[in-house]
Amino acid sequence: MQILFGRSIRATTRKLGKIYLLLAASVFFAVTSLHAQQPVPDQSIADLHRTFEDPPANTRIMMRWWWFGPAVQKSELARELNVMKAAGIGGVEIANIYPLETNDPARGIENLPYVSPAHLDALHFANEEAHRLRLRVDITLGSGWPFGGPAIPVTQAAGELHVIPTEIEPGITTVKVPYIGEGEKWIAGFLLPPGDDRDASHALAVKTAAKGWYTFSADSQPRILLTFVSSRTGMMVKRPSVGAEGFVLDHYDSAALQTHLKAVGDKLLSAFSDQPPYAIFSDSLEVYASDWTPDLLAEFQKRCGYNLVPYLPALVMNDGPETAAIRHDWGRTLTELADENYLEPLETWAKEHHAYLRSQTYGYPPVTLSSNRIVDLPEGEGKATFEMWRKFSDTRWAASAGHLFHRNVISSETWTWLHSPAFRATPLDMKAEADLHFLQGINQLVGHGWPYSPPQEIEPGWRMYAAAAFNDHNPWFFAMHDLTRYLQRVSYAMRLGKPVNDVAILLPNDDVWASFKARVAKGKTPVSAAGFDESGSNVTIDESMGKFLGDKLIAQLLNAGFNPDFIDADAIDSIGIPYKALILPNVDRIPIATYRKIAEFVRNGGIVIATRREPATAPGFLHAKQESAAIAALSAQLFNGKYASAKFVGDEDNLGVTLAQLTPPDMKLSPAAPSVGFFHRKLPHGDLYFVANTSNLPQHTVAHFRATAEHAELWNAFTGDVTALSNPKAIELNLAPYESQLIYFADDAAGGTPESSETQKLYADLSRDWHVTFGATGISEQMEKLVSWSDNPKTRFYSGHATYEKSFVFNSAKNASGSRFLLDFGSASPEPFPTHPGPNNMKAYLDPPVRDAAEVFVNGMLAGVVWRPPYRLDITKLLHEGDNQLRIVVGNTAINELAGQSLPDYRLLNDRYGLRFVPQGMENLQPLPSGILGGVRLLQISSAP
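Keep in mind it's a predicted model, so treat the numbers as computed, not measured.

A. Structural context of the overall build of the chain. Within the chain one finds 19 helices and 47 strands. Rg of the C-alpha trace for the chain: 30 Å, near the compact-globule value of 30 Å for 945 residues, within the 12% margin. Projected onto its principal axes, the C-alpha positions of the chain cover 105 × 75 × 50 Å. Per-residue burial over the chain gives 61% buried out of 945 residues.

Here it is in C-alpha cells:
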C-alpha cells in the first residue's frame, strides 16, 4: 500500500503563473496615481462600467511579504513576484523577520545580517524586479516590531515609570534608595500612611540623604514607601531578523527616532536608489507599558501648567477626587509626545525620501484617532473575529480617520490569524473576512501574508508562526486570481466618490486618559495585598475603548440602518462635526470648548444623543471646578427638551429606534437581517452601496435604500457585469452565505424590467463513475461514488491537485429554447457559530461541497473556478451535441500534508539565535476532507411560461 505524504505543485503554479502573467501584462500600474488623499475622479456611467470591469491596477490587494532571516535568494524573489503579479496581487510590503533555519551552506541557506550589504543588495534586486513588473513596493522601516534594534542605547530605549514599593517595619527611620541603573533617574519618594485604607492624598514626600538613603520619622505601624524612577521597559524588538536585535526605541523621544532613522532607515532606503518605496510602514504600536520618558516632567509642566511630582502617587493609587484628572493630564501628555516626537518626524522623514507614511496608528503609546491626521495612509487591522464589524475595531478606527482627514485610500492588515493554523485558510475564508473590512470603509487590503520560502524547502514551505499563508504552496492557489479580481473591483468601487456615514460616535478619549494607571513593581508583599492594582500599566486608547463603548452600541446603530464612524474631541475642535448625528456614549469628561461646539451643532439642527449619562466633568486638573460647572450647565440646557434634536437615552437598547425617529435610516431591511451590512459611497451622479451577508445562512429580505434615483444597477464584482434592477425603491436581496453585492443608484443608470420567474429541473446526475488522478504521484482510481480522498489510506496525507474526469451526453433536443445549463456541486452545510467565541475565531462557518477549490473544464475550455456559494457554474456556451468531456481539477489545503509530517524541531535554531517565536496551532493536525463531496449535477434553468 502506498501512503502519499507529498506533492509537486510548484511546476504547475509556475506554468499557471506564466499564463496569468500574459493575461495581466496589458494592465498598466502607475504608482503615482494612488494619491493618498484624492478620490477617483468623476466619470460618466459608461466610463464607470468600463473601469469597474477592468479597474486600475493600483486597486489590487497587496501582500505582506515575510523575509525570514532574511535568508532570501534572488531567483526565488523573482519567481514569487511574478507569481504574485499573475495572481492579481498588486504589490508587496517587505517585512524582515526572524530566521527559520540556521545557516546551511550545503542547502544554500544563508541568513543575511539585517541592513548588511548582502541584505541591501537583495532589497535592491526585489525593488528593481517589482518595478519591472509594475508592482507597488512598501517597506517596514525596521525588523520585527516595534521599531528599535542594536543602534538604540538604553538611554533611548522605551521608557517606563518604575514604581518600587518598599515595606517599612515599625520603628524604622532610614532605608536605602533602590538601585538606580543605566538609563534611569530617581524622581521622588513618598511614604504612605499606615493602615489598610491607604490613599495618596496623605502621602509624605521624603528626601534622600547623602549616599542614597531615605530618612523619616518612626511609626508604630508598618508603612510602604514608594520610589518613582524614570526607567525603561526593557522591551526588545519582537521577532527580529539576524542582526536586528535590540531595545525598542522610546516613541516619546525624537532623538531616539532619529538614531533609528540614521542606523536603519537611511540604510534601507539606500537600497532603493532612485526608485523609492511607495510608502514606509509603521506597524501597530505595541510598546507595552511605555508610559514615561526622561523629559516628561518638563513637558508636563509646559503643557498642563503644574508640577506633576507632588501628585505622582495618583498614578498608581487613589489621590482623592483629583486622581482621575491628574491621570488624564498625564495620559494626554503621552499622546501629544507620541504625535510630536514619533509620528510627525517620521512623516517628515518619509516625505524627504519621496515616500508616503503608511501607519497603524493605535496601541501603545496612546495615540488617538486624531493622531491619524499626521499620516498619509491610515491603516487598520482585523481582530480575527466574525463580530468585529459590529463592535469597536481598529479597522473602523482607521476608516473613520480616513474619512475625517480626507485620506481616500484606507488600508487594513487583513487575514491576521484567519482560520489558524497557517495554511488552513481557504479562499472563502479570505472573502468572508475581507467583506467585513469593506463594510467598515476599507478600500485597500494588505494580506497577512505571503511567506517567502526557499525552493529547496519541503512542501508546503516556510510559514509565519501565527498567521495565515497565501502563497502558491496552497494547492487551491489557482483560485487566487478569481478572488483577487473580486477584491480589486470592490476596492475600486469603495474609492469612488465620498463616504456617506450619517452618524459619528464620539470616542471618550478624555475618560480613557483619566483611567490610565502606572504599574507598581512587585515587592515582598504582593502588590494587591499592599493595596495597589496589579493589572499593570494600561496606557492605550484603542484597547481601552471597548470597555467604555460596550458591546451593544455599534450593533444597535447597524441594526437600525446606520453605518457609524468614530470621531474624537480633537477632530471636532479642528474640523467640526461633518455628520448628521453625534452619539455621546456614556461620556463624562469632555473639554468645554468641544462641548460648546457640540451645542452649536445642536442649535443648527444637528442631532445629538447621549447614552447612559450626560457629560458633567472637565477633563484636567486645573480649572476643573469652574469648567465642570459649565459643562453640567450645558448638559442641562441641551437635554431638557428644548431642542428636539438633542436626546438622552438611558440604555443603548433604544438608541437605534431613537435615532431613526430623528433621521431616516440609510438602509432598512424587511424582514430585519442583522447579519446583512452595508457601506455607502456618494458619487457625483449617483449612490453606490456595498451590501454583504456576513453569515453562513442564506438571507432573503427586501432592502429600502435612502437613495432616490430613478434607476438601479447590480454590479457583479466577480465578472464585472452590470445588470439593471427593476424596482429601485424595494430591492429583493437573496444572498447566499457570505455573498455580497454592489448596487448603484443613478438617474442615468440602466433601467430594468421586472424579472421573469425561472424553473429549475435536473438534466443529468453526474455524481458517479469518475476517474480521479492525483497529480504526478502515479495514483489514480475509479470513484463510483464521490468521497473525500482523505478517507483513502493511500491519499490520506495528500495535499495537491486531483483531476476528476468523465464524459456525458448532451442532447440538444431536450434543450428548451433559451434554457441555461448550470453545473451544480450542491449546497454547503452551515457550521455552528461558537456560543462563547474566544479570540481569533474568524473563518467561514461552512462545510462546503468542494474542498477547497475546483477548476472546471468543459470540452477542454475553462468554464470557471468554484470555491464559494452557490457552488455552480453556467456552462451553456461550452456544451455541444453528443459526447461532452468534463474535467475538474480540485485543490485542497496544505494541512493534510502537514498532518503527515513531523513538526519541525527548532531546538538548534533557538540555541543559535534565542527563542524568537513559538509555532501556534500546529499540534495534533489531522487530515481534512478533500475533493468533491457533494455530488455533481447538470441543471436546466428555463423561463417560466
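B. Layout of the pattern of salt bridges. Tallied over the full model, the rule gives 44 salt bridges. One salt bridge connects arginine 136 with aspartate 138, and the closest N-O pair in it is separated by 2.7 Å. Considered together, arginine 136 and aspartate 138 belong to a single accessibility category, that of buried residues. Taking the shortest distance from any N to any O, the salt bridge between aspartate 824 and arginine 872 comes out at 3.0 Å. In this pair, aspartate 824 sits in strand β38 (residues 820-824) while arginine 872 sits in strand β44 (residues 872-874), placing the two residues 48 residues apart along the sequence. The buried category is assigned to aspartate 824, whose relative accessible area is 4%. Classification of arginine 872 as partly exposed rests on a relative accessible area of 30%. What emerges from the salt-bridge pattern is a single network uniting Arg64, Glu93, Arg136, Asp138, Asp283, Arg358, Glu379 and Glu413.

C. Seen up close, the packing of helix α4 (residues 117-132) against helix α5 (residues 254-270). Two elements in contact, α4 and α5, have axes separated by 8 Å at closest approach and are oriented at 50°. When the axes of α4 and α5 are compared, the pair comes out oblique. Here His119, Leu120 and Leu123 of α4 come into contact with α5, specifically with Lys267, Leu268 and Ser270.

D. Local environment of unusual backbone geometry. Proline 146 follows tryptophan 145 through a cis peptide bond whose omega is -15°. Structurally, proline 146 can be placed in the loop between β3 (136-140) and β4 (148-149). Here the amide bond leading from proline 869 into proline 870 is cis, since omega sits at 10°, within 30 degrees of zero. Here proline 870 is to be found in the loop between β43 (861-866) and β44. We note that tryptophan 415 has phi near 80°; this positive angle belongs to a residue other than glycine. With respect to the element layout, tryptophan 415 can be found in the loop between β18 (411-414) and α9 (427-439). Among the residues examined, tryptophan 415 registers a relative accessible area of 0% and is labelled buried. In this structure, histidine 419 is a non-glycine residue whose phi angle is positive, near 40°. Mapped onto the elements, histidine 419 comes out in the loop between β18 and α9. Taking relative accessible area as the criterion, histidine 419 reaches 12% and is therefore assigned buried.

E. Inspection of the environment of phenylalanine 797 at higher detail. By the secondary structure assignment, phenylalanine 797 is in the loop between β36 (779-785) and β37 (801-810). A residue is classified by how much of its surface remains accessible, and phenylalanine 797, at 15% relative accessible area, is buried. As for phenylalanine 797 and glycine 900, which are separated by 103 residues in sequence, their C-alpha atoms are 5.5 Å apart.

F. Up close: the pairing of strand β11 (residues 223-232). When you tally the buried positions in β11, you get ten out of ten residues, the bulk of the element. Across the two faces of β11 the burial is the same, with Arg223, Leu225, Thr227, Val229 and Ser231 and Ile224, Leu226, Phe228, Ser230 and Arg232 all buried. Sheet topology note: the strand β5 (residues 159-168)/β11 ladder contains ten bridges and is antiparallel. Bridging across to β11, glutamate 160 finds its partner in serine 231. As defined by bridge partners, strand β7 (residues 185-191) adjoins β11 across six bridges and the pair is classed as antiparallel. Along β11, the bridge assignment pairs phenylalanine 190 with leucine 226.

G. Spotlight on the nonpolar core. Ranked by size, the top nonpolar core spans 249 residues in total, and within it Trp65, Leu582 and Tyr804 carry the most contacts. Sort the elements by how many residues they give to this core and helix α7 (residues 323-352) lands first, with ten residues. Ignoring anything within four residues of it in the chain, the contact list for tryptophan 65 reads Leu77, Glu80, Leu81, Met84, Val92, Glu93, Ile94, Ala95, Ala126, Trp450 and Tyr452. Judged by nonpolar contacts, the second largest core, of 18 residues, contains Leu669, Phe678, Val691 and Ile731.

H. Seen up close, helix α8 (residues 394-404). The element α8 is extensively covered by neighbouring structure, given that eleven of its eleven residues are classed as buried. Positive phi appears at histidine 406, one or two residues downstream of α8, with a value of about 60°.

I. The arrangement of the packing of helix α2 (residues 45-53) against helix α10 (residues 480-493) in detail. Between α2 and α10, whose axes approach to 9 Å, the crossing angle comes to 145°. Together, Leu48, Thr51, Phe52 and Glu53 of α2 and Arg485, Arg489 and Tyr492 of α10 make up the contact between the two elements. Its residues assigned to classes, the contact of α2 with α10 shows three nonpolar, one polar and three charged.

J. Here's a closer look at the sheet that holds strand β25 (residues 646-649). The sheet built from five strands is open, its strands ordered β22-β21-β23-β24-β25 with parallel pairing. Looking at strand neighbours, the two that pair on one side only are β22 (565-567) and β25, the edges of this open sheet. Along the sheet, successive strands turn relative to each other by an average axial angle of 25°, direction set aside. Here strand β23 (residues 581-585) pairs with strand β24 (residues 607-611) via five bridges, running parallel. Bridging from a neighbouring strand, isoleucine 583 pairs with isoleucine 609 of β24.

What counts, and at which threshold
Residues numbered from 1 in each chain as written. Predicted model: local features only at pLDDT ≥ 70, side-chain atom pairs only at ≥ 80, totals over all residues. Heavy atoms only, no water. Helix = DSSP H or I, 4+ residues; strand = E, 2+ residues; numbered from the N terminus. Rg over C-alpha atoms; globule rule 2.2 N^0.38 Å. Buried < 20%, exposed > 50% of the residue type's maximum accessible area, 1.4 Å probe, protein only. Salt bridge = Lys/Arg side-chain N within 4 Å of Asp/Glu carboxyl O. Axes fitted to C-alpha atoms, helices over the stretch in contact; angles between N-to-C directions. Parallel < 35°, antiparallel > 145°, perpendicular 65-115°, else oblique. Contact = heavy atoms within 4.5 Å. Pairing = 2+ DSSP bridges. Core = buried A, V, L, I, M, F, W, Y, C linked by side-chain atoms within 4.5 Å. Nonpolar A, V, L, I, M, F, W, Y, C, P; charged D, E, K, R; others polar.

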